[in-house]
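Summary of structural features
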Amino acid sequence: MPKKPRTESSKPQNAARKKPYARQEKKAWRGILLLVALSVLLFLPVWLNPSLNGDDAAQHYWWSKEFIYELGQGNLYPRWLSGAYGGRGSPILVYYPPLPFYAAALFYVGIRDPLLSLYWGCWLGLLVSGITMYGYSRTLLSHRESLLAAAFYMTAHYHLFDFYQRMAQHEFWAFAWVPLLLYGINRGSLTNQWSAFFIIAAAYALLLMTHLPTALMITLVLPIYVLILTRKARPLARIAAGLMLGVGMAAIFLLPFLLEREYLKALGSKAPNQYFHAGFLFENLGQAFRQIPFPSNGSFNLFLLAGDWLAVGFLALLIICTVVVWRSDYRRNHALVGLWVITIFSLLMTTRLTTPLWRLLPQVKNIQFPIRWFSLVSVGVALLVALASAIVMRQWRSSYLQAAALALVIVVNLICSWLIIAHAPLQPEAFQKRISNYTDVREYHPRWWDQQRHSELDAASAVVVAGKAHVTPLDEEGTTQSYRINTEEDALLKFRVLYFPGWQAQVDGQAVAVAPNDEGHLQLALARGEHQVTLRFAATRLQGAGTLISGFSLLIFLATLGIAYRRTRNAKALDLAHSAMATAATSGGKPQPAAK
């Protein structure tokens, strides 16, 4: 029977193709709105009572506040907190990733409150983690199942524990980038699309600029995951190239951290953490279940007991989900098998069974606390829960026992998440007391400092140590300070600011060498006369090199992204032209030019 010629009212072929994608887009946006609502619900307690007194609450509040101040002074990438230690300053930002601080600063523009800006920044991290988990799950699951995985990931007890009990801002934000990295690797191993290269590079750079222990953990397990997915040379090369470009884009932070650590007291020794074995889990279960170990309030013992609670919850979920999923056809899915393997491995890394690995690989000890492996466990468990729930719902009548067991362990884990929020240390008076007496983290002290607060420098920003001189401060705060100094004879002065590589001095417009005194403060020798002295904290050569590498890597990223976009656009235009020609040929009409 001859085909009917296409009439004017018949729909174009490309429009028909777009319909399923439009429906998928609508579903995705509706899903994102649901995740927004869930994130708001999870953060309501801290917005209603903004006084979270978690383990690291005071330090992250002060660091965020000082970071925002330095941005306000025009420092686009602050490396020195000039307000720390009563104006003595601190190099924390040389060694602590900056991305979560930028998130808090973004909200400060409208909120003008550093504490609320910190909470809103963490809220954004929670929302982004749900969105990236949804995107990663879509490579394996349906829309509804992926939405369930994202919701469970956001409400996972260790995820909420990181915020409500520990107030570990950077580790909490790291939850956002692990699913994105795995999503890029999935696409890179299964397709020839170069978009995976850009996703991998961006996700790895963002993770390195957010939390190094999480980045170290995912780097250790990635070879296992990738080799289970593929052993073909081209996908492996694409994945490796993406990771390398990600390292390059993060060099602005990563290079100084790795190569200038000897400037700090604790990190400078480069000795890995030797006390990791004290944090192994599953060893105090009896004591843990005799009490509710929340809030932890900085107690290491309560921290471990809370970890045992979380560990049992994860283990129960993993066992039930494994039983359900491995009886289905999904056990043949390489991506799922890879995720299952790294989830099991990560859970084992929290136990004493893996002590040989902790001792064999020195860098693993820098993770410090075995409980941090739960960041990776949360990803695997969230996806497995969504998949197992979908399987059970499809065949629940033939497997009442599995359905009941899965429902029970999910409820138990959600109760644990609720307990973490319900027992959150929302303590206004205690929090205010902590931030008013805060003295910062000792491991980030400059190694030249004697760690004594010399009282004479509380009253004056510069003190004459030898000779006679009169000091008039013109600007004694921040990373650029200026003084007018009149010396009656050769004099030696010490300044309030702590010495650290990067501090430079100019006397009457001429650069002069600076050095630390015995106390660790910056000192300067001046000849007789009237002088204009300027102190400025600038990037070291290594920091400058890191900035150049990051800038060059970012240019490569943007240039290759532009080339890839152009090729994709040209390929689509060519496909439309061929489609128009084929339609015209079958209908007997003349081919129409492709729409620009």
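**Concerning the pattern of salt bridges**
Enumeration according to the criterion identifies ten salt bridges in this entry. Taking the shortest distance from any N to any O, the salt bridge between D458 and R88 comes out at 3.0 Å. With D458 in helix α22 (residues 456–459) and R88 in the loop between α3 (84–87) and α4 (92–95), this pair connects stretches of sequence that are 370 residues apart.

**Regarding the pairing of strand β9 (residues 529–537)**
In this sheet, β9 lies alongside strand β3 (residues 480–487) in antiparallel orientation, the contact comprising eight bridges. What sits directly across from Q481, in β9, is L535. One ladder, built from five bridges, connects strand β5 (residues 503–507) with β9; its direction is antiparallel. In the sheet register, W503 faces β9, and the bridge partner there is F537.

**Remarks on the packing of helix α16 (residues 300–325) against helix α19 (residues 374–394)**
It is at 9 Å that the axes of α16 and α19 come closest, and there the two elements cross at 40°. One finds that α16 runs oblique with respect to α19. The handedness of the crossing between α16 and α19 is left-handed. From α16, G307, L310, A311, F314, L317, L318, C321, V324 and V325 reach across to α19, where they touch F374, V377, S378, V381, L384, V385, L387, A388, I391 and V392. Each residue belonging to the contact of α16 with α19 can be placed in one class, and the counts come to 17 nonpolar, two polar and no charged.

**Regarding the packing of helix α8 (residues 157–164) against α16**
Closest axis-to-axis distance for the α8/α16 pair is 10 Å, and the angle between their directions is 160°. When the axes of α8 and α16 are compared, the pair comes out roughly antiparallel. Between α8 and α16, the contacting residues are H157, Y158 and F161 on the first element and F303, A306, L310, G313 and F314 on the second.

**Looking at the packing of aromatic side chains**
Summed over the entire model, instances satisfying the criterion amount to 49 aromatic pairs. Grouped by ring-pair contacts, the aromatic residues Y153, Y158, F161, F175, F289, F294, F300, F303, W309, F314, F369 and F374 constitute a single cluster.

**Topic: the sheet that holds strand β1 (residues 462–466)**
Pairing within the open sheet is antiparallel, and its four strands lie in the order β1-β4-β8-β7. One side of each edge strand has no neighbouring strand; the edge strands of this open sheet are β1 and β7 (515–516). As paired elements, strand β4 (residues 491–498) and strand β8 (residues 521–526) share five bridges and run antiparallel to each other. Bridge pairing in β8 links L492 to A525.

**Some points on the sheet that holds β5**
Taken in spatial order, the five strands line up as β2-β3-β9-β5-β6 in an open sheet, and their pairing is antiparallel. Here the strands that pair on one side only, and so sit at the sheet edges, are β2 (469–475) and β6 (510–512). The sheet shows a mean angle of 30° between the axes of neighbouring strands, taken without regard to direction.

**Some points on the nonpolar core**
One finds F163, F374 and F495 to be the most contacted residues of the largest nonpolar core, which totals 164 residues. The greatest single-element share of this core, amounting to 14 residues, is contributed by α19. The residues touching F163, leaving out its near neighbours within four places in the chain, are F43, V46, L52, Y119, C122 and F172. Residues F197, A201, M249 and F557 belong to the second largest nonpolar core, which totals seven residues.

**Thoughts on helix α10 (residues 178–190)**
Between its first and last C-alpha atoms α10 spans 19 Å; for 13 residues at 1.5 Å apiece the expected length is 18 Å, and the two agree. Taking burial as the measure, the 13 residues of α10 include ten buried ones, the bulk of the element.

**Concerning the confidence of the model for the chain**
Of the residues in the chain, 90% reach a pLDDT of 70 or more, and the chain-wide mean stands at 89. Confidence over residues 1–13 falls short of pLDDT 50; this stretch has six contacts with residues more than four positions distant or in other chains.

**Topic: a nonpolar patch on the surface**
Judged by side-chain polarity, V40, L41, L44 and L48 come together as a nonpolar surface patch covering roughly 370 Å² of accessible area. Tracing the chain through its elements places L41 in helix α1 (residues 13–48).

**Re unusual backbone geometry**
For residues besides glycine, phi is generally negative; the peptide bonds are generally trans as well. That bond from F294 to P295 is cis: its omega, 0°, falls within 30 degrees of zero. Residue placement: P295 occurs in the loop between α15 (285–289) and α16. Its identity as a non-glycine residue notwithstanding, R112 has a phi of 60°, on the positive side. Mapping R112 onto the fold places it in the loop between α5 (99–111) and α6 (114–137). Residue D508 is not a glycine yet carries a positive backbone phi of 55°.

**Some thoughts on the pairing of β4**
The buried count for β4 comes to seven of eight residues, which makes it a mostly enclosed element. Relative to β4, β1 is paired through four bridges, and the arrangement is antiparallel. Along β4, the bridge assignment pairs A462 with F495.

Conventions and cut-offs
Residues numbered from 1 in each chain as written. Predicted model: local features only at pLDDT ≥ 70, side-chain atom pairs only at ≥ 80, totals over all residues. Heavy atoms only, no water. Salt bridge = Lys/Arg side-chain N within 4 Å of Asp/Glu carboxyl O. Helix = DSSP H or I, 4+ residues; strand = E, 2+ residues; numbered from the N terminus. Pairing = 2+ DSSP bridges. Axes fitted to C-alpha atoms, helices over the stretch in contact; angles between N-to-C directions. Parallel < 35°, antiparallel > 145°, perpendicular 65-115°, else oblique. Left-handed = near helix turned anticlockwise from the far one by under 90°. Contact = heavy atoms within 4.5 Å. Nonpolar A, V, L, I, M, F, W, Y, C, P; charged D, E, K, R; others polar. Phe/Tyr/Trp six-rings, centres within 6.5 Å; stacked < 30°, edge-to-face > 60°. Core = buried A, V, L, I, M, F, W, Y, C linked by side-chain atoms within 4.5 Å. Buried < 20%, exposed > 50% of the residue type's maximum accessible area, 1.4 Å probe, protein only. Expected span 1.5 Å × (residues − 1). pLDDT = per-residue confidence, 0-100. Patch = residues over 30% accessible without salt bridge, like charges linked within 9 Å, V, L, I, M, F, W, Y side chains within 5 Å. Areas by Shrake-Rupley, 256 points an atom, 1.4 Å probe, with all protein chains shown as cover.

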